[in-house]
Amino acid sequence: MKQNIRIYEFLTIAVMGLFIYYTYQSIIALGYVGGTGSFAGYVALAAVLISLLTMFISKNKAKTNFTRFWWAWIFWLLIDFFILGLRGEGLANIWFVTFAPMTFFFFYNASSHSDNIRRIATLGFLAIFIIAFIMNLSFLSYAQVNYNEEIGITNLVYWCLCAVPFIFLLKKKWLLFAFLVLTTIIILLTGKRSATVCLVLTFVSILWYSWSKGSKVQNILFIFVGGIVLYFIIQHYFSYAVEGIIGRMNDIEASQGSSRIPLYQDVFKVIETNSLLDWLVGRGYGSIIITKHTNAHNDALQMLFEYGIVGLVFYLLMLWNAIKSSRALYRHNSPYFMGYLVSLIIFVVLGMVSNLVVFNSYFAFICAYWGIAEYEISQYKYPKGRVWNI
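Residues numbered from 1 in each chain as written. Predicted model: local features only at pLDDT ≥ 70, side-chain atom pairs only at ≥ 80, totals over all residues. Heavy atoms only, no water.

Would you mind going over the overall build of the protein with me for this structure?
Scanning the protein from N- to C-terminus turns up 16 helices and zero strands. Taken over 390 residues, the protein has a buried fraction of 54%. For the protein, the share of sequence-separated contacts (at least 6 apart) that also reach a separation of at least 24 residues comes to 78%. As displayed, the protein offers around 18100 Å² of accessible surface, 66% of which is attributable to carbon and sulfur atoms. (Helix = DSSP H or I, 4+ residues; strand = E, 2+ residues; numbered from the N terminus. Buried < 20%, exposed > 50% of the residue type's maximum accessible area, 1.4 Å probe, protein only. Contact = heavy atoms within 4.5 Å. Areas by Shrake-Rupley, 256 points an atom, 1.4 Å probe, with all protein chains shown as cover.)

Looking at this structure, I do not really get the packing of aromatic side chains. What am I missing?
For any pair of aromatic rings, geometry is given as the distance between the ring centres together with the angle between the planes. Within this structure, the stated rule accounts for 42 aromatic pairs. Between Y21 and Y24 the ring centres are 6.4 Å apart and the planes differ by 25°, which places this aromatic pair in the stacked class. Taken together, the residues span about one helical turn, with Y21 and Y24 both in helix α1 (residues 2–31) at a distance of three residues. (Phe/Tyr/Trp six-rings, centres within 6.5 Å; stacked < 30°, edge-to-face > 60°.)

What exactly am I supposed to notice about the confidence of the model for the protein here?
Per-residue pLDDT for the protein averages 79, and the proportion of residues at 70 or more is 74%. Per-element confidence in the protein ranges from a low mean pLDDT of 50 for helix α11 (residues 239–250) to a high of 94 for helix α15 (residues 337–353). Contacts of residues 248–257 to residues separated by more than four positions or lying in other chains number 12 contacts, the stretch itself having pLDDT below 50. (pLDDT = per-residue confidence, 0-100.)

So what exactly am I meant to see when it comes to the pattern of salt bridges here?
Opposite charge on two side chains permits them to pair, given that their charged atoms come into close proximity. On inspection of all chains with the given rule, the structure shows three salt bridges. For the salt bridge of D115 with R118, the shortest nitrogen-to-oxygen distance reads 2.9 Å. Residues R118 and E376 are paired through a salt bridge, measuring 2.5 Å at the closest nitrogen-oxygen approach. Separated by 258 residues along the polypeptide, R118 in helix α6 (residues 116–147) and E376 in helix α16 (residues 360–379) bring together distant segments of the chain. (Salt bridge = Lys/Arg side-chain N within 4 Å of Asp/Glu carboxyl O.)

Please clarify how a nonpolar patch on the surface should be interpreted in this entry.
Side chains of I7, L45, L49, L52, L53, F56 and I57 sit close together on the surface and give an oily, nonpolar patch of about 630 Å² of accessible area. You can see L45 is positioned in helix α2 (residues 40–57). Residue class for L45 comes out partly exposed when judged on its relative accessible area of 31%. (Patch = residues over 30% accessible without salt bridge, like charges linked within 9 Å, V, L, I, M, F, W, Y side chains within 5 Å.)

Honestly, the packing of helix α9 (residues 193–212) against α15 in this entry has me stumped. Any pointers?
Packed helices, taken two at a time, are described by the angle between their axes plus the distance between the axes. It is at 10 Å that the axes of α9 and α15 come closest, and there the two elements cross at 150°. Classed by the angle they form, the pair α9 and α15 counts as roughly antiparallel. Both α9 and α15 take part in a crossing whose hand is right-handed. Residue-level contacts link S194, V197, C198, L201, T202, S205, I206, W208 and Y209 of α9 to F337, M338, L341, V342, I345, I346, V349, L350 and V353 of α15. Grouping the constituent residues of the contact of α9 with α15 by class yields 15 nonpolar, three polar and no charged. (Axes fitted to C-alpha atoms, helices over the stretch in contact; angles between N-to-C directions. Parallel < 35°, antiparallel > 145°, perpendicular 65-115°, else oblique. Left-handed = near helix turned anticlockwise from the far one by under 90°. Nonpolar A, V, L, I, M, F, W, Y, C, P; charged D, E, K, R; others polar.)

Help me understand the nonpolar core in this model?
Nonpolar side chains tend toward joint burial in soluble globular proteins. Grouped together as the largest cluster of nonpolar side chains are 114 residues, with contacts concentrated most on F19, W70, F107, F125, F363 and W370. The greatest single-element share of this core, amounting to 13 residues, is contributed by α16. When near neighbours in sequence (up to four residues on either side) are disregarded, F125 contacts M16, F19, F107, A163, F166, F365 and A368. Counting 10 residues, the second-largest nonpolar core is a separate cluster that includes V267, I288, A296 and F305. (Core = buried A, V, L, I, M, F, W, Y, C linked by side-chain atoms within 4.5 Å.)

What's the story with the environment of L312 in this structure? I'm lost.
Tracing the chain through its elements places L312 in helix α14 (residues 299–331). The class for L312 is partly exposed, based on a relative accessible area of 24%. Here the alpha-carbon distance between L312 and G282, two residues 30 residues apart in the chain, equals 9.7 Å. Beyond its immediate stretch of four places on either side in the chain, L312 contacts A300, M303 and L304.

Got a minute to help me understand helix α8 (residues 173–190) in this structure?
Every α-helical turn comprises 3.6 residues, leaving residues that sit three or four positions apart pointing alike. When the terminal C-alpha atoms of α8 are compared, their 26 Å separation across 18 residues agrees well with the 26 Å that a helix rising 1.5 Å per residue should span. Summarising burial for α8: 13 of the 18 residues are buried, a large majority. (Expected span 1.5 Å × (residues − 1).)

Help me understand the packing of helix α3 (residues 65–82) against α14 in this model?
Relative to each other, α3 and α14 sit at 170°, their axes nearing to 10 Å. Put simply, α3 runs roughly antiparallel to α14. Crossing of α3 over α14 shows left-handed handedness. Residues N65, F66, F69, W70, A72, W73, W76, L77 and D80 of α3 form the contact with α14, whose own contacting residues are M303, Y307, V310, G311, F314, L317, M318, N321, A322, K324 and S325. By residue class, the composition of the contact of α3 with α14 is 14 nonpolar, four polar and two charged.

What am I meant to see in the side chain of T64 here?
By the secondary structure assignment, T64 is in the loop between α2 and α3. Look at T64 and you get buried, because its relative accessible area is 10%.

Before we go on, may I ask you to explain the side chain of T23 in this structure?
One can find T23 in helix α1. If we skip the residues at most four places from it in the chain, T23 touches I128, W159 and F365.

Explanation requested: unusual backbone geometry in the structure shown.
Leaving glycine aside, a negative phi is the common case for residues, and trans is the common case for peptide bonds. Non-glycine residue K292 carries a positive phi angle of around 70°. Within the element layout of this structure, K292 appears in the loop between α13 (276–281) and α14.

Any chance you could explain the environment of G351 here in plain terms?
As for its placement among the helices and strands, G351 is situated in helix α15. Spatially, the C-alpha atom of G351 lies 9.8 Å from that of S194, the residues being 157 residues apart in sequence. Apart from the residues within four sequence positions on either side, G351 is in contact with N298, D299, A300, Y315 and I346.

Take a look at the structure:
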């Protein structure tokens, strides 16, 4: 028994090591002119293979509606790639589209063998957050030197944002607050409106949850004082960044949502030419490129385009099951609830105005959190939950 525990702990450490290196390589590839990130794909493939291994050796037979959903989605992806033919970018990307689902199953199965899996995962994703934070700062400096830009508009902030749910597993309030401050700083500096919306809704959710659960006076006081401190930090050091984001918010109508409306129109023009098969199963993974855009900046729309009505239904079922799981965690005062709620906020906001599910890289971070939380739901719905002191 102890040997099995050690095997899963070792595999979790290995997977987190792969995730850390994958994050580094991907940010290098996306953030720097001349960056290669050449090993990122191989690292993701290795993570998928480890996930497959644990699925075969795990003795965890517990199933929930959400685990059944992920099985069905993986099964459909296999049909889409192997039976329906080489549509879109072709067969070679099957490992990439299964990266996030397999991440869910790895952490779901690994969590059933050792409580240390949660601790390893939390420490690992906090490390990813810190690495992504530092690399974002480095990229902003790089952009300012090379392009003379005061504020960098970059998607690299999402690598920090999608690791945020794990900070809510921290028991020490000062450490939780410190990571929230870092999250606020990097979002303000990068100037992403979607990330800013996620941040605001996260703080609103913290206040709502503390109030709804009748938190002690000192907890409410801590949040209040922390909010004041954070306000003065932003006001003193990052007022120019706030002005930049407000300016971009006010410019939404003039810029047609950062050219989102013309993009959506281009996508719908192609959809209007769909055959019956295209409507049913889509045009294939990566086929959005035929609209002359790299993505649709809307997960539901891109799922419809690439996977058809079947893909859109799966997307809506994913959201529905995540909402149901969050309700179960809330009812049982689970320590996972707050992080889960934040992950839902990220899922919905980025899914509406950017992309998350169709860009499987940092979506895997959220799937890791969902997998760990889903094991708790499948086993014991503790009235008071459990908290791991990191």
